[in-house]
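# What the coordinates show
The primary structure of each chain is shown beneath.
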Amino acid sequence: MSVVHQLSVGWLLDHLSFINKAGYQLCPSCQYPAPSAMEDLVAPSTVDTTYSTGAAVERAGATLKKKYVFREEFFHVFKPHIVSAPQQKPQQGSSDAGPREGKDSGNGTEQHEGAKNSDVSIANARKKRKRKCSVFNQGELDALEYHTKIRGLILEGTRCLIEEGFKSGFLHPISAKQSSIKSVVTRHVGCGMAELCEMAKHFPSVNENDHRSAQIIDEETSTPEQDLLSCVTENNTDYAKMINLMGQKYLVPPKSSFLLSDISCMQPLLNYKNKYDVIVIDPPWQNQSVKRSNRYSHLSSWQIKKIPIPSLAAPNCLVVTWVTNRQKHLRFVKDELYPYWSVKTLAEWHWVKITRSGEFVFPLDSSHKKPYEVLVLGRVQGSIDLPLRKSDVEVLPIPDHKLIVSVPCTLHSHKPPLTGGASNHREPVRLVLWPLH
C-alpha cells in the first residue's frame, strides 16, 4: 500500500504513489500520434478525473507508450480544514504554544478595554453555547465515550509516524507559498455510471441459470450499457484498457474485472463464479450530511445485509468494512452484520487523515467531524464448499488497533489503499464493493 514508514502502531502511506504505480499504462502496440512530452486531458466527470487527467508519453524504440497519472494537486492538503488548538496537533512542540494575541500598542488603557470587551463577548458566546449544547443525546454520548477510549492511541501513534515522515522528508513544514494555496475541491459533477446503476433496477433481471461468460475488453471500445449490467467486464491483459461509456472515458486497471450495477442486481457477480480472499466494503451509510446534500442515496441496514458475502467469499476470506464515526453503525457491523454473514470480528483499525505538514485535517476533539475513520476487519467462519489452496493453509493473525496515516485525496470519499497491510503474506484475489457518488 505504498508504505513510507511502518512502525508497531501502523503505517504512514503515500496514496498518490500507490495510484501511479497501479499500472495505468496503455498497451505499447497501440499507435499514437507524436504528441508533446506531456499532454493534459480535461476530464468531464469526477471518476474520469480520477484516472485520466494527465498522460505521459514516452518513446521506446519505434513504439510509443502512454501512461496515465493522477493529478497531484488533488493531494495538496497543506492546511487543516478547521484550525485546531495547539494541543490537538499531532506534531511535536510546546503544548502551550499558540498565536500571539497581538502587538503591544503602547496604549495600556485601550488595550485593557479591548481585552475587557473581548472577554465579555466570549463569555456571552459561551453562555449561548451552553444553553444549546447542555444536553447530549445518546448517540453523542456513545461517540464521546468511544473517542475517549481511542484518543490516546490516535494521538501518540500518529505522532510517532509523523516524526518518521519529517525525518525522511516525506512530510515537511508548510511554506509561505503553500500556505496561500487552497486545497483543490472539485465541484460535484453528475456521474454517468451512478445514473447507469440506477437504470439497472429497471433492466430485465439476470437469473442464476444465465451463465454468460465475462465480457473481455479488447481495444478501446464503446460498450453497450446493458452489457455492463448483465455480466462482469474483464481486462485480463498486463496493460490498462480504456473504455467509452455514456460519452466518457474510463481506465480499467490491468488484470482486473468489474461489475457496474445496483446493489440489488448482483446476480452477474455470482454467475462469474469467482471466490475472493479479501472483500472490502464501503457502504453508503446514512448520515445527516448526505441527507442535506442529497449527494447520493444511502443503504439501509437490511439492504447491506442482503449483500451475498458468504457466496462470494473464499475460505478464510478477510472482510474489511469502512464505518462512519456513528456508534450505531459500528455496533451494527460488529453485533449484527458480521454474525449474519458468519464473519468473526478480528480487529478495529483507524485511518487518520493529516495534512502535508503533519496536522490533523480536523481537530482531534472536534464534536462535528473527526480526523479519523474506522475499519472493521473480520474473517469468514464455517465451512465453504471449496478446497483450500496451498497459499491459504497458513492464515496469519490480524493485529488489532493499527493506524493507517495518510494525506487524504480531496475527491469525495476516496479511501487509502489497503494492499500490503492486512494481506502482505500473499497476493490475494480482492473484491471491492464501492459506491458511485
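Residue numbers here run from 1 along each chain, matching the order of that chain's written sequence. Local features in a predicted model are, by the rule used here, given only for residues with pLDDT of at least 70; side-chain atom pairs are given and counted only at 80 or more, and totals for whole chains, interfaces and linings are based on all residues. Only hydrogens and water are removed before side-chain values are computed, so all heavy atoms of the structure are retained for them.

## Digging into the sheet that holds strand β11 (residues 256–258)
Strand pairing is defined by DSSP finding a minimum of two bridges between the two strands. Where helices and strands are cited, they refer to DSSP runs of H or I of at least four residues and of E of at least two residues respectively, numbered from the N terminus. One open sheet accounts for three strands, arranged β6-β8-β11; its pairing is mixed. Two strands lie at the open edges of the sheet, namely β6 (215–216) and β11, each paired on one side alone. Relative to β11, strand β8 (residues 233–235) runs antiparallel, the two being bridged by three bridges. Of the residues in β11, the one forming a bridge with N235 is S256.

## Topic: the pairing of strand β13 (residues 313–323)
When accessible area is computed with a 1.4 Å probe and restricted to protein chains, residues below 20% of their type maximum are described as buried, those above 50% as exposed, and intermediate ones as partly exposed. Within β13, ten of the eleven residues are buried, leaving the element largely enclosed by the surrounding structure. In this sheet, β13 lies alongside strand β12 (residues 276–281) in parallel orientation, the contact comprising five bridges. Counterpart to V280 in the pairing with β13 is V320.

## Comments concerning the environment of L7
Its place among the elements puts L7 in strand β1 (residues 3–7). A relative accessible area of 30% places L7 in the partly exposed class. Expressed as a C-alpha distance, the spacing of L7 and E164, which sit 157 residues apart in the sequence, is 9.2 Å.

## So, the sheet that holds β1
The mixed open sheet is built from eight strands, whose spatial order is β1-β2-β16-β14-β15-β13-β12-β17. The open sheet has two edge strands with one neighbour each: β1 and β17 (430–433). Along the sheet, successive strands turn relative to each other by an average axial angle of 20°, direction set aside. Of the pairings in the sheet, the one linking strand β2 (residues 10–13) to strand β16 (residues 403–406) comprises three bridges and is parallel in character. From the neighbouring strand, G10 faces β16, where its bridge partner is L403. Packing of helix α4 (residues 138–168) onto the sheet brings it into contact with β1, β2, β14 (343–353), β15 (372–380) and β16, and relative to β1 it is tilted by some 125°. Axis definition: a line fit to C-alpha positions, over the contact stretch in the case of helices; interaxial angles, taken between N-to-C directions, run 0 to 180 degrees. Note on contacts: a residue pair is in contact if any heavy atoms of the two residues lie within 4.5 Å.

## Brief notes about the confidence of the model for the protein
The predictor reports its confidence for every residue as pLDDT, a score running from 0 up to 100. A residue-level look at the protein finds 60% of positions with pLDDT of 70 or above and a mean pLDDT of 74. Counted against residues more than four places away or in other chains, residues 31–54, with its pLDDT under 50, gives 54 contacts. Across residues 92–125, confidence stays below pLDDT 50; counting only partners more than four residues off in sequence or on other chains, it has nine contacts.

## Concerning the nonpolar core
Membership of the largest hydrophobic core comes to 48 residues, with the highest contact counts inside it found for I279 and W341. The definition of a nonpolar core used throughout is a set of buried Ala, Val, Leu, Ile, Met, Phe, Trp, Tyr and Cys residues joined through side-chain atoms within 4.5 Å. By size, the runner-up hydrophobic cluster in this structure holds 15 residues, among which are W322, W349, W351 and L418.

## As for the packing of aromatic side chains
Centres within 6.5 Å are what make two rings of Phe, Tyr or Trp a pair, Trp counting through its six-membered ring; a difference in plane orientation under 30 degrees is then read as stacked, over 60 as edge-to-face, and the rest as tilted. Per the counting criterion, the structure on display carries six aromatic pairs. On the numbers, 5.6 Å between centres and 55° between planes, the contact of F70 with F75 is tilted. Across the pair, F75 and F70 agree in class, each one buried. In this structure an aromatic cluster arises from ring pairing among F70, F74 and F75. Only Lys NZ and Arg CZ are tested; either one counts as a charge over a ring when it is within 6 Å of the ring centre and within 35 degrees of the ring normal. Across the ring face of W11, the terminal group of K402 is positioned such that the distance to the ring centre comes to 5.9 Å.

## A few points about the pattern of salt bridges
Throughout this description, the term salt bridge denotes a Lys or Arg side-chain nitrogen within 4 Å of a carboxyl oxygen of Asp or Glu. Applying the stated criterion across every chain yields a total of twelve salt bridges. Of the charged contacts, one joins R71 and E73 as a salt bridge, the two residues approaching to 2.8 Å between their closest N and O atoms. Overall, the relative accessible area of 30% leaves R71 in the partly exposed class. Note that R159 is salt-bridged to E163, the shortest N-O span being 2.5 Å. Taken together, the residues R159 and E163, both in helix α4 and four residues apart, mark about one turn of the helix. A single network of salt bridges, built from pairs that share partners, joins D282, K353, E373 and K415.

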